[in-house]
Amino acid sequence: MSGDHSHNEDQIDCGSRVNGRDVICLTCMFHPVSRFMSQTSRLILAVGDSYKHKDKYKEKEHKHKDHKKDKEREKSKHGNSDYRDSSDKKHRDKEKEKMKHKDGSTVKYKDKHKEKRKEEKIKALDGKVKKEKENGFASPQHVKSEPEDNFYHSPKHEKSLKRERDDDNDSEFKPKKIKTENDKKAKKRKQDDGGIKSKKTKNKKGEVIDGKKKAKKEPEEKWKWWEEERYTDGVKWKFLEHKGPVFAPSYEPLPSNVRFYYDGKPMKLSPEAEEVATFFAKMLDHEYTTKEIFRKNFFKDWRKEMTSEEKAKITDLKKCNFCEMNEYFKTQSEARKAMTKEEKQKIKEENERVLQEYGYCIMDNHRERIANFRIEPPGLFRGRGDHPKMGMLKRRIRPQDIIINCSKDSKHPAPPPGTKWKEVRHDNKVTWLVSWTENIQGSIKYIMLNPSSRIKGEKDWQKYETARRLKSCVDRIRNQYREDWKSKEMRIRQRAVALYFIDKLALRAGNEKEEGETADTVGCCSLRVEHIKLYPESDGQEYVVEFDFLGKDSIRYYNKVPVEKRVFKNVQLFMENKEPDDDLFDRLNTSILNKHLQELMDGLTAKVFRTYNASITLQQQLKELTNSEENIPAKILSYNRANRAVAILCNHQRAPPKTFEKSMQNLQTKIDAKRGQLSDARRELKSAKADAKVRKDVKSRKTVETKRKAVQRIEEQLMKLEVQATDREENKQIALGTSKLNYLDPRISVAWCKKWGIPIEKIYNKTQREKFAWAIDMADKDFEF
DNA sequence: GATATAACTTAGCAAACGCGAA
DNA sequence: TTCGCGTTTGCTAAGTTATATC
C-alpha cells in the first residue's frame, strides 16, 4: 500500500503509521478516481475510529488552546483591535484601504458570539477542564474537478414537471372531498396513461383496508404518486390517520441474584436508581464509560434518580461495581441468540403484528409506511465526538409528553389506558405524526414517514430538480463570486470566498453553535483561523490552503488544496490580526449566505451545491470510467468507483470494519484457490487438446470443448473475485451509503443501468429501490442530470 | 436584525438478518 | 444444521433551513 512518494513537510508519509493507524494516500489507493482528482491536491487518509484520539491532532489543538490562553490575557489588556487597521505589508494596506472605503462599519456580525466563546473558553481553562479533540480521523478529501461545460439548460423546472394540485382550501379535510378530488385525478390519468392502476389508487378511504391486503399479496402493484399532482401552499396532506407511537417497554427489575455492589458490599437499589444503573452496566465494555465527562454526567443524573438514602451512601462512581449486572445482560443476550427456531419465529410474528398495527398510517387514501414508529427508549446519551453532554440520562418518554398530529376527522390514536396525550393537533402544514421534546438538548423529535412515502419522495425529487436548476446557472454564479473576490466590501469578499469553498470543496454551510452544548465542530461559515493554514508555496504548488477541522459528527476534514491567487490573498486578509479562535468569516453567517443565494436563484441554498456537485460528479465519473467492452462486474466496479469519488468529495468516512483484515485475507485465500483451479483446468485443457490431436474422434473433441468452457468459467469467477477484492480494499474507510441515499440523483444511476443493461438490483438494494421507485420508473437511458 | 424554535435532511454506528460454506 | 460473515436495517445524533418572535 505504501507509495514511493511522500506528502508535505509536516504531513504524514503515505504508508507510514500514525499512532497505530495506517496512513494511506488516496492516490495510491485507487487510481481510476485519482485520475480526476486534482493532481495538485494532497490527500491523506488516516485510518482509525472516528472518535478516537489522534495524538498529533490533539497536540495541535493543545498548542492552539495554550496559545489562545496567552492571547486572551494579552487581548484583555489591549482590547480587540480591528484587524483591518494594522498591517505592515504594503499590498495588504492597499487592500485594507479599499475595504475601509466602503465597509466602514465597526460592528462585526460575530463579535458577540465570539466573545461568548472566549469567555467560556477562559472559564473552561480556569476550571482546568481541558477540552480535547477526540476525533483522529483525517479526511480523504479531494478537490472536485470543475466542469467546464456547464451550459446544459434544464428545459424544465420542477414546478413545470407536474401541474400543481388545486388547493381547494378544504379546512375540514373530509375524506368525501378527497374522493371527489381523486375521481378528477383518475379521469385525468385515464387520459394520460390509459388508467393503469387507477382502481387501487382511486379507492376511497374505506377501501384502503382492501388495498392493504392487496399490497401484501401483490407488492408489484405500487402507487405511482409521481404521476399525480402535488399540493401547493404548504399543504402536506388532507387526511391523516394513525395509531400513535409504540412506547418503550417498561422497566423490568433485575432478578434478586443479580446484585449491585457499592464499596465491595451488595446493595439493593430502588427500581428508579436500578434502571439507570443498568444503562451504565450495559455499556461497561464501551469506551464511553471510561471517559471523564461521560462518567461525571452519568453520575450526576443517576444521583437525581436515587432515594435520599441511596444518595447519601453512593457518593463515588469508582466504588460502584456493575459487573454482575453487566454479566447478566450478556447472558440474556446469549440466551436470545440461542433461542429455538420456534421461539424466534414467534418473536418475529409479534414484531410483524406490531409493524402492521403501528408501522403504517393512512395519508390521503394511501397506506404509507412510517419510518420510526417506536419512541426512543430511555438510556444514556451518546453524543458523538467530544460531546459535553455525553452520559446524561435520556429520560423515558410518557404519553403526557407526546403530541399527536392527525386529521380532525380521522380516528384519533388512543393513549395507553389511564394516560393522556399532551396534545392532539391537526396541522396539515407539517409532515410529522407524533412529536415530543427530548431532555438532553431540549430539541423536538418526530415520527415521520418512510423514505418510500409520497411525502418524502416528492421532496427528494424536488431536491434534485433544484440541483439541476443550479446546473443551468452555476457558471453565472461562479463568475459572480469571482468578481466579488475583488469587492470593496469585506462582507462581500468573505461571502464570495466562502461560497467558493462550498462549491469547490463541497463544504457544509456551517451554522453557529451554542458553546458548551455540543461538540466543537464547524462548517464553512463557522471556520476559525485555527482551522486554516496558508502556504504561498508548497510541494511545488502555489497558493495552497490547508484545512483541518472537525465537521459534522466530529468527522475530521483534512485537505490541502491549491486555490486561486485572489482567494489566497483574501483568506490571508481575513486572517490578519486575528487570534486562532477567531472566526475566519467574521462578517458572514449561513443566514446571510443563504439570503444571497436565494437572490441568485430561486430555492438556492448552500446545501444545494453539495447535491449538485455530488450528482454532477457521479455523472461525469460514470461517463469517464464505464468501458463498454467490459463485463457486468467490471462495470459495477466502475460504478462503485464513481460513487466513491463522490463519497470522497463529501468526506463520507467510516471506521474500517473490525473484521476488515480478516475478510480481505479470506477473499485472498479464495482467489489463490481459484488461481490453482484455473491452472489445473488449463493443464487439463492442454492435455485434452493433445489427446484430440492424436485421436481425432468426436468424443475427444467434445472433451476439449468441455474443458475450454471450464477454463472460461473459472477465468470469469477469478475475475469476479479479483474485482471484489479491489472494490473492498478501495472501500475500506469510505462510506458509499450516505451519498447514494442523499446526494446522488437516482435517475443518473437508473439511466446508467438502463444504458448498459445492468440490473438495477446490482446498484440498489430493496430499500433503496423502494425509496427511488419514482426514479426507476421515470428515468430512461438518456436521462441527463 | 438577532435570536429562538420548528421542521426536516443527513450521518455513522451497531444490531439484526440472511445467505453460502462447512 | 450450524457457523461466520457480509449486507441490511434500525436507531438517533447532528446537521441545514425556514419561520416566528422579540
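Worth saying up front: this structure is predicted, and the values here are computed from it rather than measured. (Residues numbered from 1 in each chain as written. Chains lettered and ligands numbered in written order. Predicted model: local features only at pLDDT ≥ 70, side-chain atom pairs only at ≥ 80, totals over all residues. Heavy atoms only, no water.)

K.L.:
Any chance you could explain the pattern of salt bridges here in plain terms?
P.N.:
Side chains bearing opposite charge may pair, as long as their charged atoms lie close to each other. Scanning all chains against the criterion turns up 45 salt bridges. Between Asp680 and Arg683 there is a salt bridge, with the nearest N and O atoms lying 3.3 Å from each other. Of this pair, Asp680 and Arg683 both sit in helix 21 (residues 660-695), three residues apart, which is roughly one turn of the helix. Sharing partners across several salt bridges, the network here consists of Lys243, Glu350, Arg353 and Glu357. (Salt bridge = Lys/Arg side-chain N within 4 Å of Asp/Glu carboxyl O. Helix = DSSP H or I, 4+ residues; strand = E, 2+ residues; numbered from the N terminus.)

K.L.:
What is the right way to look at the confidence of the model for chain A in this model?
P.N.:
Low pLDDT means the predicted atomic positions in that stretch should not be read closely. For chain A, the mean per-residue pLDDT works out to 76, and 72% of the residues sit at or above 70. Every residue in residues 1-98 is under pLDDT 50, and counting partners more than four places away or in other chains gives 237 contacts. Taken as a whole, residues 120-220 scores under 50 in pLDDT and shows 227 contacts with residues more than four places along the chain or in a different chain. (pLDDT = per-residue confidence, 0-100. Contact = heavy atoms within 4.5 Å.)

K.L.:
I keep staring at the protein's contact with DNA strand C and nothing clicks. Help me out?
P.N.:
Around DNA strand C, 32 residues are found, and the nearest of them are Arg384, Lys445, Lys662, Ser663 and Thr767. A share of 89% of the atoms of DNA strand C within 4 Å of the protein falls on sugar and phosphate groups. A distance of 2.8 Å separates a phosphate oxygen of DNA strand C from a polar atom in the side chain of Thr521. For the surface near DNA strand C, the element with the highest residue contribution is helix 21, accounting for three residues. Residues that form the surface near DNA strand C fall into these classes: four nonpolar, 14 polar and 14 charged. (Near = heavy atom within 4 Å. Polar contact = N/O pair within 3.5 Å; in protein donor to acceptor, adjacent residues only side chain to side chain. Nonpolar A, V, L, I, M, F, W, Y, C, P; charged D, E, K, R; others polar.)

K.L.:
Is there a simple way to think about the nonpolar core in this case?
P.N.:
Nonpolar side chains tend to gather and get buried jointly when the protein is soluble and globular. Leu470, Ile477, Phe501, Leu507, Phe547 and Phe585 are the most contacted members of the largest nonpolar core, which has 80 residues in total. The residues touching Leu507, leaving out its near neighbours within four places in the chain, are Phe501, Ile502, Cys524, Phe547, Phe549, Tyr557 and Arg610. Listed in part, the 28 residues of the second largest apolar core include Leu269, Phe279, Ala281 and Met283. (Core = buried A, V, L, I, M, F, W, Y, C linked by side-chain atoms within 4.5 Å. Buried < 20%, exposed > 50% of the residue type's maximum accessible area, 1.4 Å probe, protein only.)

K.L.:
Would you mind going over the sheet that holds strand 15 (residues 444-447) with me for this structure?
P.N.:
Pairing between the strands of a sheet comes from backbone hydrogen bonds, and it takes one of two forms, parallel or antiparallel. One open sheet accounts for four strands, arranged 13-12-14-15; its pairing is mixed. A single partner strand is all that each edge strand has here, and the edge strands are strand 13 (423-425) and strand 15. Taken over all neighbouring pairs, the strand axes of this sheet differ in orientation by 20° on average, direction set aside. (Pairing = 2+ DSSP bridges. Axes fitted to C-alpha atoms, helices over the stretch in contact; angles between N-to-C directions.)

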